[in-house]
Amino acid sequence: MREGTYYLTSTIQLSSHDSGLTIMSYPGEKVEINGGIPIAIPGWKPYNISSAPRTYASMNNIYGQIPAPKSSTATIKYLGTLMTWQDCQSACNKYSHTQSSSSSSSSSNVVAPVACLSWTYHEPTLNNSYASQCYGRTDNVWSPTVQQNVTSGRTVAMNVYVASIAGQIIGDEMRGLQINNKRAIRARYPNADPELAVFPEGWWTGGNPSWGMPFPYPNATTNITYSPVRTDILQFNRYSMGFNGTCSIFTPPESYWCSADRDGGGASLFEVPSGMTVTPDMMDNPWKNVVGAVVHMWQVLHWELWMFEVDSYDPQTMKMGWHKGGFQGARGLVDTSNPRGGEWYIDNLLEELDNPNEFYYDIENEILYYFPNSTTAPPPPTATYVATNLEILINITGSQQNPVKGVTIKDLVFRNAAYTYMAPHGVPSGGDWALQRSAAVIVEGTQDFLLSGCHFDRVDGNGFMLSGYNRNATVEDNEFSWIGDSAMLAWGYTNGIDGTAGDQPRGTLVQRNIVREIGMFQKQSSAWFQARTAQTHLKHNIFFNGPRAGINFNDGFGGGNEIDSNLVFNQCRESSDHGPFNSWDRLPFWTDVPGKPSLTPLYNDIHHNFFICNYGSSMCIDNDDGSAYYKLHDNFEVY
């Protein structure tokens, strides 16, 4: 392919008829496969150009972010001990600081004024050592925590423009927007840039809403396979699966977590809340109509993230409800008698279009609203605007009986695949994950497939997936950056406990890949994930900056995996538990991977890796519930 950006109007489909095909860029030229729709802006018109101070009672915008009373940080400044919040507001307005940097080759200084953008005042009635103290922020972070006897404020400068783009969007929604190849932010509250913010920034962490009780599904039908039963372990030795009931929201409607025989830490029945009721202090602006918005919510123990599409809202009681969502994780509520979610944010609300680089698309009137990355200037006239459209850019589909052989995809850039977190999800096996069988590039029914030298940049769902039967695939020398969900995944099929039909990825080589900045939307994400998959070899990869485990094995299917000579760090940045590597093995599988049918897998070998266990990592190698048959040796682990 010659140099250029190729905007796809439909997914590239390959089959066994395309065996032996190589798709690659012409040497030395950059080729981009883009799943978006270029948008022509006929002209921006001012919509809301204004500036006004806002005050928020019982809100602390610096909670837990300064080391001690009367101290400052690089972006939070102590402004003094004052009498009232009005005095604090005035001190913020008057604050001006100059940052200077000098060069060794010059005696002159370069100075830049830094303004106070928000303030927080601790009332004299606050019964702690911060009473009467005033602080100002010089960054644009606004993610306050509810705290009595504390008042915060900021000046909200609105610079919103509007343009009609009638007839340009395929379908009835704009799930994402990139401007000059950078993500714009769907209007949200609390404000945050998902590419830069790390929890808790951008999440509501204050008082809990009132949660809607789970939907009254009938009890699931449980199928417990007692024979064969693993005899080498006492726990997690039976294959147990629940069908329908609360797991009706999955595709297919089944899960270990709906069975009566589920086990493991916090092994409660899968359920999710049916809605939530907020209070005025939980919103930045009054919400007139929330229908169509999406609530992004942590499971209370930060094991997974749920998304719910709001389909009902009462502005008087501020109660919102939903029927779609919650299938993005397998675990659900921990305490079904007290249904509650964790921290949350809400997006796709016009009322929350109040921060630079935010957008909102009015579906009914086909109007795009945008707050440019400036508080005064209109959107740049030469910018390129591309709306995400396709979920899958390349789909290679064969079968075990008629495989696609020897296809190579090489030296391409993949960008602008649409998010899939509201698409149907299934439960891959007995681990904590739920997953959509979808990615920007998805491969099923192949032999000797090669993905090499490609760059997956700002795709909003998964990057690359091996689905079902695949043999001896190689994934090498690729880069994954700013990915919405996971970077690379492998997910096979079985007939219940029986995996002897071989409909799984086996013999995959994953080497010399760089994965960074993943989980922009789905926090239950990894650089490499596998379920019902065996004999994977991961080596010489560099994985960093992820919200959950860097490498995740959802089960112990077949075994025979090797992980060596990888550098993995900065994992679990937004969650707890796990670390660079995590595994579960709550469901046994009958496989022929050991050479003859057996419930006992081959040993997995993890060695000569450099694992740094920082952020929320509890350990470098977490062999969790049921994990067995691991050889762990010669790894360098830093805590």
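Keep in mind the model is a prediction, meaning the values are calculated, not measured.

Engineer: What should I look at first to understand the side chain of Glu 352 in this one?
Structural biologist: Relative to the helices and strands, Glu 352 resides in the loop between β25 (344–347) and β26 (358–362). Arg 154 is the oppositely charged side chain nearest to the buried, salt-bridge-free Glu 352, at an N-O distance of 6.2 Å. Side chain to side chain, Glu 352 and Trp 287 meet in a polar contact 2.8 Å long. Sequence-distant contacts of Glu 352, defined by excluding residues within four places in its chain, comprise Ala 187, Arg 188, Tyr 189, Asn 191, Asp 284, Asn 285, Trp 287 and Glu 358.

Engineer: So what exactly am I meant to see when it comes to the sheet that holds strand β20 (residues 254–255) here?
Structural biologist: One key point about sheets: their strands pair by backbone hydrogen bonds, in either a parallel or an antiparallel sense. Pairing within the open sheet is antiparallel, and its three strands lie in the order β18-β19-β20. The sheet terminates laterally at β18 (221–225) and β20, the two strands that pair on one side only. Direction of pairing for strand β19 (residues 239–243) relative to β20: antiparallel, over a ladder of two bridges. From the neighbouring strand, Phe 243 faces β20, where its bridge partner is Glu 254.

Engineer: Looking at this model, I keep getting lost on the confidence of the model for the protein. Mind explaining?
Structural biologist: Mean pLDDT over the protein works out to 93, with 97% of the residues at or above the 70 mark. Confidence drops under a pLDDT of 50 for residues 99–111, and excluding neighbours within four residues, the segment shows 13 contacts in the predicted structure.

Engineer: Could you clarify how one ought to interpret the environment of Thr 151 in this entry?
Structural biologist: Within the secondary structure layout, Thr 151 lies in strand β12 (residues 145–164). Here Thr 151 falls in the buried class, since its relative accessible area comes to 7%. If sequence neighbours within four positions are ignored, Thr 151 has contacts with Thr 55, Tyr 56, Ala 57, Met 59, Trp 85, Trp 119, Thr 120, Tyr 121 and Glu 123. Here the side chain of Thr 151 touches Glu 123 through a polar contact of 3.1 Å, side chain to side chain.

Engineer: Whenever I open this one, the pairing of strand β33 (residues 441–447) confuses me. Can you help?
Structural biologist: When a strand is regular, its side chains alternate between the sheet's two faces. With five of its seven residues buried, β33 lies for the most part within the structure. With six bridges joining them, β33 and strand β36 (residues 464–471) adopt parallel strand pairing. Paired with Gln 447 across the two strands is Arg 471, which belongs to β36.

Engineer: Explain the nonpolar core to me, please; I cannot follow it from the model alone.
Structural biologist: One recurring pattern in soluble globular proteins is that nonpolar side chains are buried together. Of all hydrophobic cores here, the largest spans 57 residues; its most connected members are Trp 287, Met 320, Trp 344 and Ile 346. Looking at this core, the elements with two or more residues in it are β6 (45–60), β12, β19, β22 (294–298), β23 (305–314), β24 (319–325), β25 and β27 (367–371). Excluding anything up to four places from it in sequence, Ile 346 contacts Ala 187, Arg 188, Tyr 189, Trp 287, Val 290, Ala 293, Val 294, Val 295 and Met 320. In terms of nonpolar packing, the next biggest core, distinct from the first, is built from 50 residues, Val 404, Leu 466, Ile 621 and Tyr 630 among them.

Engineer: Mind showing me how you'd approach the state of the cysteines here?
Structural biologist: Here a disulfide denotes a covalent bond joining the sulfur atom of one cysteine to the sulfur atom of another. Throughout the structure, instances matching the rule amount to four disulfides. Paired through a disulfide, Cys 92 and Cys 116 show a sulfur-sulfur distance of 2.0 Å. Disulfide Cys 92-Cys 116: the torsion about the S-S bond is -105°, which places it as left-handed. Taken as a pair, Cys 92 in helix α1 (residues 85–94) and Cys 116 in the loop between β9 (109–115) and β10 (118–122) lie far apart in primary sequence, 24 residues in all. Across the pair, Cys 116 and Cys 92 agree in class, each one buried. Sulfur-sulfur distance for the disulfide between Cys 613 and Cys 620 comes to 1.5 Å. Note on Cys 620: relative accessible area 0%, which makes it buried. Cysteine pairing for the protein, with bonded cysteines counted in sequence order: 1-4, 2-3, 5-6, 7-8. The cysteine Cys 572 is free of any disulfide, with Cys 613 supplying the nearest cysteine sulfur at 9.2 Å. Its relative accessible area of 0% is what places Cys 572 among the buried residues.

Engineer: Is there a simple way to think about the packing of aromatic side chains in this case?
Structural biologist: How two aromatic rings sit relative to each other is set out by the distance from centre to centre and by the angle between their planes. This model, assessed by the stated rule, comprises 33 aromatic pairs. Arranged with centres 6.2 Å apart and planes meeting at 50°, the rings of Tyr 360 and Tyr 369 form a pair that is tilted. Exposure remark for Tyr 360: the relative accessible area of 17% places this residue in the buried category. By way of ring pairs, the aromatic residues Phe 199, Trp 203, Trp 298 and Tyr 345 are connected into one cluster. The residue whose ring lies beneath Arg 437 is Trp 491, and the NZ or CZ to ring-centre distance is 3.7 Å. In this structure, Lys 631 packs its charged tip against the face of Tyr 603, placed 5.2 Å from the ring centre.

Engineer: What is the right way to look at the sheet that holds strand β16 (residues 188–189) in this model?
Structural biologist: Across the sheet, which stays open at both edges, the seven strands sit in the order β16-β25-β22-β23-β24-β21-β17 with antiparallel pairing between neighbours. The two strands at the open ends of the sheet, each matched to only one other strand, are β16 and β17 (210–211). Bridge analysis of β22 against β25 gives four bridges, and the strand direction is antiparallel. Bridge pairing in β25 places Val 294 opposite Asp 347.

Engineer: What's the story with the environment of Ala 534 in this structure? I'm lost.
Structural biologist: Here Ala 534 shows up in the loop between β43 (528–531) and β44 (537–539). In the structure, Ala 534 is positioned 418 residues away from Cys 116 in sequence and 55 Å away in space, judged by C-alpha atoms. When neighbours within four sequence positions are excluded, Ala 534 is seen to be in contact with Pro 505, Arg 506, Gly 507, Phe 557, Gly 558, Gly 559, Asn 561 and Val 593.

Engineer: Got a minute to help me understand the pattern of salt bridges in this structure?
Structural biologist: Side-chain pairs of opposite charge can arise whenever the charged atoms involved come near each other. For the structure on display, the rule yields 24 salt bridges. Here Arg 186 and Asp 347 are joined by a salt bridge, their closest N and O atoms 3.4 Å apart. In this pair, Arg 186 is assigned in strand β15 (residues 185–186) and Asp 347 in strand β25, connecting sequence segments 161 residues apart. The exposure classification of Arg 186 matches that of Asp 347, with both residues buried. Overlapping salt bridges, with partners in common, bring together Glu 32, Arg 183, Glu 195, Arg 415, Asp 457, Arg 458 and Asp 460 in one network.

Conventions we followed
- Residues numbered from 1 in each chain as written.
- Predicted model: local features only at pLDDT ≥ 70, side-chain atom pairs only at ≥ 80, totals over all residues.
- Heavy atoms only, no water.
- Helix = DSSP H or I, 4+ residues; strand = E, 2+ residues; numbered from the N terminus.
- Buried < 20%, exposed > 50% of the residue type's maximum accessible area, 1.4 Å probe, protein only.
- Lys, Arg positive; Asp, Glu negative; His and termini not counted.
- Salt bridge = Lys/Arg side-chain N within 4 Å of Asp/Glu carboxyl O.
- Polar contact = N/O pair within 3.5 Å; in protein donor to acceptor, adjacent residues only side chain to side chain.
- Contact = heavy atoms within 4.5 Å.
- Pairing = 2+ DSSP bridges.
- pLDDT = per-residue confidence, 0-100.
- Core = buried A, V, L, I, M, F, W, Y, C linked by side-chain atoms within 4.5 Å.
- Disulfide = S-S within 2.5 Å.
- Phe/Tyr/Trp six-rings, centres within 6.5 Å; stacked < 30°, edge-to-face > 60°.
- Lys NZ or Arg CZ within 6 Å of the ring centre and 35° of its normal.

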